[in-house]
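Residue-level structural notes
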Amino acid sequence: MNASAGEPPALLAQSLRKSFRRAEQAAPVAALDGVSLRAHHGELTALVGPDGAGKTTLMRLAAGLLRADGGTLQVLGIDVAGEPQQVQDRISYMPQRFGLYEDLSVAENLDLYADLHGVGADERAERYPALMAMTALAPFRTRLAGQLSGGMKQKLGLACTLVRSPQLLLLDEPTVGVDPLSRRELWDIVRRLVAEQGLTVLLSTAYLDEAERCGRVILLHQGQVLFEGAPQQVADRAMGRSFTAVPAPGQPARMLQARLLDQPDIIDAVPDGARVRFVRAAAAPAGDDSLRNLDAAAVPPRFEDGFMLLLRSHAEGGRSASISVSRPIAHTREAVVSVQQLVRRFGAFVAVDRITFDVRRGEIFGLLGPNGAGKTTTFRMLCGLLAPSDGALFVAGADVRSAPASARARLGYVAQKFSLYGPLSVQENLEFFASAYGLRGDGKRERIAWALRQFELGAQARTTSAQLPAGFQQRLAMAAALLHEPEILFLDEPTSGADPLARRAFWRRITALAEQGVTVIVTTHFMQEAEYCDRVAIMDAGQVLAQGSPAEVRELARTDATPEPSMEDAFIAVVEQARARSRAAGSVPGEQHTQAAPR
Amino acid sequence: MLAAWLRILALSRKELLAVLKDRRSRLSLLVPPIVQALIFGYAATYDLNHVPYAVLDQDHSAASRQLLSGLDGSGVFERVADLQRLGDIRAFIDARRALLVLQIDQNFERDLLSGRGAALQLIADGRNSNTAGTAMGYVTSIVGRFSADWGAAHGFAPPAVQLISRAWFNPNLETRWFMIPGMIGMLTLIQTMMLTGMSVAREREQGTFDQLLVTPFRAYEIMAGKALPSMLVGAIQAAGVLLVAQFWFHIPFAGSYLTLFIGLLLFLLAAVGIGLLLSAVAATMQQAMLYSMLLITPFSLLSGLSTPLSSMPSAVQYLTAINPLRYAIDITRRVYLEGAGLGLLLPDLWPLALLAALTLATASWIFRHRMQ
C-alpha cells in the first residue's frame, strides 16, 4: 500500500521541533525534539508513547493549529507552516475532546459540522446514511449529544469529523474513556474506512493492542522517535524473551507478578489471563536455569513486550513504585463493604437496579462495565455522595449516609477526573486534605512527607497542580486519598487515559496496599487490569451480570472456539448475552443474573 | 468541636490561598472596588458644573450686566452664546448647544427702577428633567440673591420673607458625601456575593466538591469555611473604600469605626448568606454568575443608593425590606456622616441579622437536601 516513488508521503516530518513555555519554569519544555517521521497513503498509522511524549503536539502541528519552532512538516505534500488553510481543506482532525454541542441533538450536531465545512445538500444526502449506518447512531438522531454515552459521543464525533471525505484523518486518542464494546465498534469503523475506502489515518492511542493492529507504528518518547515501522518489528525485538508463568493454585496472579518484577533481569510482568506474562532484559543464555523454579514457558512475543523493552531502555520508573502503609490492617476476611439489592433511580431512569455484592477486607474488587452501566452511580452511593432509592449498603460496618461525618475518615476516594484544587500547589493540596482529615502537627508533616516520597512527588511539591501532567495529577489524587490511611479505597477509572508505564506503576501500588490490608474497590475500562483484582463484577444497564474471581468470570466465555478466553472476551460475551436477553424480553433487562459460583 | 474549627480554618485557608495566590485574582479583589469608588466619586454626582447657557439680552443695561455677571461668576454656568433674535432660542435648545436660555426683556432695568418688579424668562431643556430642574434651581437662587442685592443698593424695602437654609451633615450638599459612604455597601455586596457563590459553583463544576464531601467535613463546616474568607475579603474591600473616602475625597468621618464594622459584619453575613443560597441552587459557575447579575440590579435600585426610598411607591418600599443593601447603605451613611451609634442603628441592625439568619439557614438546608 506504500506510495509510489514519485508521490510524496501523506505526512512527512523532518527534524521537527516544538517547545512550550510554562509559567513558572525558566526553560521551555521540548514537546517535539527533532522528530523525523512519515505516514503513508492508504495506511493506518498509530502514534504510541507515554504521556507527554509529544503525540498531541504532533497532531496539532499536522492540523496546522500550532506553528513549529523548527524543521519541516509536509502534509499531503503541502508545507503546513506555509499553507495551513490548504492542508485544513484536505484533512479532518478529531481532537481528544471533540467539540460536540451537548445541547444539540445528534442530527443537529452533524448538520452544524456539515454547514461549517460547506457540505452541500446532495453530498449530505449521500453521506449521512453512510455515516449513520457506520456509527449505528440512526436510532438516536433526535437525542441530545450531552445524553449520549461516552462511546456514542466518540462515534458521533467521528461522524462529524467525516461529514466531508478527507484525504487524511487525524484521530487523537479516539478510544480514551470508551468501554471495550464501544472501543471494538469504533475500531471496526476506522479499519473499514482504511480497508474499504483507502483512507489514510493517523491516530494516537494509549492502548497497545490497538497499535498492534495498525499498519505502521511510531513510538514517541519525550519528544523523540524511538521506533518507526511495522508493529511486528517491535514485537520481534522481544523474541526469545517473552514468557508466561502460572501462579501457585489459589494465589492471585498479582503476587507472582510482584515477585517477578523484583527480579532485576525482568523488565516487565503483567497478568495475562490465568498466567503472568513477563519479559526478560536479555534472551536467556543456553543452560540458564533461573526460571527453573517457575512454571514458565516461552511464548511468542507481542507488541506490548517489545514496546516495554524499547521504553525500558530509555526510561525508568513505574517498577519500583511499591508503597507501604504505616499500620497494616489485619486480613480478617470479613465483608467491609456490603451491598444488598441496591437501587438508584433518576426519575423514571433506573441507573442502578438491585445490585448485590460483598467486598472482603484486603480484597481488590473490580467493577467492570460499559459507559453508563451504573458504576459511577454505585460508587457515589458507596461514598455517601448519593442516597440510594432502595436497598441497603454498609461500608466499614455503617451506612455512610446515616453514620457521623467522622466515619468518612475510613474511606478514601479518587474520582474519575482530577478533582483536587488546580490553583494550589502539590504541597498545599496535601496540607489541605491532611487537615480535612484531622491530621495536625507532627503527624501531618510525617504523612505529607510520606505521600511526597511514596508517590515520587517531592520535586513537584511547589508546582501548581493544574500544570502537572495527567500522570502526576493521578498520583497526587491517590496521595491525597491515602493521607489519612483509609481502610477502604474507592478508585473510579483511575487508569483511564494513563499510559502503559503509569498504569503499571499504579497497579504496583494498589497491589501493595491490598497486601497490607487496605480494601480497594476500582472501576476500569482496561480488561487486562481486571486480572489484578481478587474478584470482579460485570455491570451493564444498572445490573450486575456476573461476579466472581477473574478465572471464574473468564470461564463464563469458554467455548470450543475460544478455549482460553481473555477477560475482554468474557466481558463482551456476558454483556452481549444480557443485552440479547433483554431485547428478547422486549423491555428492561430481566431478573436473570449470570452469577458465578462463589469461592 | 476543636476538630470542626480546625477543618473550617483549613478550608478558609485553602479558599484564601486559591484566591490570593494568583496575582490577577489578587488584584481583581482589591483594585476594582477602589477604582470604582474613585470613578463614582467623580462621575456619580448631581452637582452641576459647566452648565452651558445662552443669553438673549435685549436690555443691555447695567442691571442686566450685573445679573449676568452673577451667573457667570457662580462657577456653575458657562455662557456659550449671546443671542440676537428670539428665533435663535429654539435652535440652541434643539441642538443641545445650551441647557438654559435666559431672556432679559428690553424693559428690565426700567421696570426694576420703577419698583414694579421685572420679569425674566428662563427656558430649559427638559429632556433631562433631573439636570434641568437642578439648573433652574441654581438660577432661581442666583436671581434671588441679585434681587436682594439690587434692592438693598437702590434703597428698596427688603423682601417680606427671606429663607436662610443650612444643610447639616453635608453643608455644601455635595453628592459625593452622600454617594461614597453608600458605595461601601454596594461594592462589597457585589464582590462578597459573587466570591461566595462562585467558589461553591466552581467546586461543583470541577468535581472538587465531591472530594470535599467524602472528607469528614459537615455541611455547615463547608459553609462556614466558604463564608469566612469571603467576609474577610469584603471587610478589607470596605476598609479600602473607606480610605478612599477619607484620604482622597476628604469626606470627614463622624462616627466610630467599631460601630461601622459591627454593622458591616451583619451585612456581610447576609451577603454571604445570599451568595451561599445562590451557590446551593446553581449547578454551574455560569448559572451562579447569571443569578448574581440578576440580583445586583434590583438590590442597587431598591437600596436608596441614588434615589430616595421614601419617594418610591409604597408597594416597592415594602420590597426593599428584604434588601440587605438598603440597611447597609443606611448604616454606612449614618455612621459616616452623622456619627450614629449602635442604639440609633437598631432599626437597620436587626433586619440584617434576621436576613443573615434566614439566608444562611435556607442555604444550609438546601445544601443538605441537594445531596439526596
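Definitions and cut-offs
Residues numbered from 1 in each chain as written. Chains lettered and ligands numbered in written order. Predicted model: local features only at pLDDT ≥ 70, side-chain atom pairs only at ≥ 80, totals over all residues. Core = buried A, V, L, I, M, F, W, Y, C linked by C-beta atoms within 7 Å. Buried ≥ 20, exposed ≤ 12 C-beta atoms within 10 Å, placed from the backbone. Helix = DSSP H or I, 4+ residues; strand = E, 2+ residues; numbered from the N terminus. Contact = placed C-beta atoms within 7 Å. Domains from an automatic or database assignment. Pairing = 2+ DSSP bridges. Axes fitted to C-alpha atoms, helices over the stretch in contact; angles between N-to-C directions. Parallel < 35°, antiparallel > 145°, perpendicular 65-115°, else oblique. Left-handed = near helix turned anticlockwise from the far one by under 90°. Nonpolar A, V, L, I, M, F, W, Y, C, P; charged D, E, K, R; others polar. Expected span 1.5 Å × (residues − 1). Arc of directions from axis to C-beta.

**With respect to the nonpolar core**
Of all hydrophobic cores here, the largest spans 251 residues; its most connected members are A:Leu170 and A:Ile538. Element by element, the count of residues in this core is highest for helix α7 (residues 175-206) of chain B, at 16 residues. With sequence-adjacent residues up to four places away left out, A:Ile538 is seen in contact with A:Leu368, A:Gly369, A:Leu545, A:Ala546, A:Val553, A:Phe571, A:Val574 and A:Val575. Residues B:Leu56, B:Phe92, B:Leu100 and B:Ile104 belong to the second largest nonpolar core, which totals 23 residues.

**A closer look at the domain arrangement of chain B**
How big an interface is tends to be stated in terms of the accessible area lost upon association of its parts. If you check the domain split of chain B, you get domain 1 (2-44 + 174-370) and domain 2 (51-153). Look at where the C-alpha atoms of domain 1 of chain B and domain 2 of chain B centre, and you get two points 48 Å apart.

**Side note on the sheet that holds strand β13 (residues 275-280) of chain A**
Residue and element names in this part refer to chain A. Read across the sheet, 4 strands follow the order β12-β13-β11-β14 without closing on themselves; strand pairing throughout is antiparallel. Every other strand in the sheet has two partners, leaving β12 (266-272) and β14 (296-298) as the edge strands with one partner each. Neighbouring strand axes in the sheet, compared pairwise and without regard to direction, differ in orientation by 25 degrees on average. Most of the contacts of helix α9 (residues 253-261) go to β12, to which it runs at about 175 degrees, and overall it touches β11 (242-245), β12 and β13.

**Some thoughts on the packing of helix α13 (residues 324-338) of chain B against helix α14 (residues 342-370) of chain B**
Residues and elements named next belong to chain B. Two elements in contact, α13 and α14, have axes whose closest approach is 9 Å; the angle formed by their N-to-C orientations is 150 degrees. As far as their axial angle goes, α14 and α13 are roughly antiparallel. The handedness of the crossing between α13 and α14 comes out as left-handed. Residue-level contacts link Pro324, Tyr327, Asp330, Ile331 and Arg334 of α13 to Leu344, Leu345, Asp348, Pro351, Leu352 and Leu355 of α14.

**Things to note about the interface of chain A and chain B**
On the side of chain B, 22 residues touch chain A, which itself brings 25 residues to the contact. Those elements that place two or more of their residues in the side of chain A that touches chain B are β19 (411-414) and α12 (426-436) of chain A. The greatest single-element share of the side of chain A that touches chain B, amounting to 5 residues, is contributed by α12(A). Residues of the side of chain A that touches chain B, tallied by class, amount to 16 nonpolar, 5 polar and 4 charged.

**Describing α12(A)**
Working note: α-helix, 3.6 residues per turn, so residues spaced by three or four point in the same direction. Across the 11 residues of α12(A), 10 count as buried, placing the element largely inside the fold. The set of residues buried in α12(A) consists of A:Val426, A:Glu428, A:Asn429, A:Leu430, A:Glu431, A:Phe432, A:Phe433, A:Ala434, A:Ser435 and A:Ala436. Contacts made by the buried residues of α12(A) are with α13 (441-454) and α14 (470-482) of chain A together with α1 (2-21) of chain B. Just downstream of α12(A), A:Gly438 is the residue with a positive phi angle, here 80 degrees.

**Some thoughts on the domain arrangement of chain A**
Residue and element names in this part refer to chain A. Each assigned domain of chain A is listed with its residue range as follows: domain 1 (11-233), domain 2 (237-312) and domain 3 (335-585). If you average the C-alpha positions of domain 1 and of domain 3, the two centres end up 30 Å apart. Facing 16 residues of domain 1, the contacting portion of domain 3 comprises 19 residues. Secondary structure elements with two or more residues in the side of domain 1 that touches domain 3: α5 (150-161) and α6 (180-197). With 3 residues, α6 is the single largest residue contributor to the side of domain 1 that touches domain 3. Each residue belonging to the side of domain 1 that touches domain 3 can be placed in one class, and the counts come to 7 nonpolar, 6 polar and 3 charged.

**Some thoughts on unusual backbone geometry**
Residue and element names in this part refer to chain A. At Glu173, a position not held by glycine, the phi torsion is positive, near 45 degrees. By secondary structure assignment, the location of Glu173 is in the loop between β7 (168-172) and α6. Classification of Glu173 as buried rests on a count of 22 C-beta atoms within 10 Å.

**Some thoughts on the pairing of strand β23 (residues 543-548) of chain A**
All names here are of chain A. Where burial is concerned, most of β23 is hidden: 6 out of the 6 residues are buried. Looking at chain direction, strand β22 (residues 535-540) and β23 are connected through 5 bridges and run antiparallel. Paired with Met539 across the bridge in β23 is Val544. Between β22 and β23, which follow one another and run antiparallel, lie 2 residues, and Ala541 among them has a positive phi close to 50 degrees.

**Some points on the environment of A:Ala387**
Residues and elements named next belong to chain A. Relative to the helices and strands, Ala387 resides in the loop between α11 (375-382) and β18 (390-395). Using a count of 11 C-beta atoms within 10 Å as the deciding quantity, one classes Ala387 as exposed. Placed 14 residues apart in sequence, Ala387 and Arg401 show a C-alpha to C-alpha distance of 7.3 Å.

**Structural notes on α13(A)**
All names here are of chain A. Here α13 contains 14 residues, and its C-alpha end-to-end distance of 20 Å stays within 8% of the 20 Å for a straight helix at 1.5 Å per residue. Looking only at α13, the buried set comprises Arg447, Ile448 and Ala451. Mapping the buried residues of α13 onto a view down its axis gives an arc of 100 degrees, with all of them on the same face. Seen from the open side of α13, the exposed residues pointing more than 90 degrees away from its buried face are Asp442 and Arg453. Where α13 is buried, its residues contact α12 and α14. Count one or two residues on from α13 and you reach Glu456, which has phi positive near 50 degrees.

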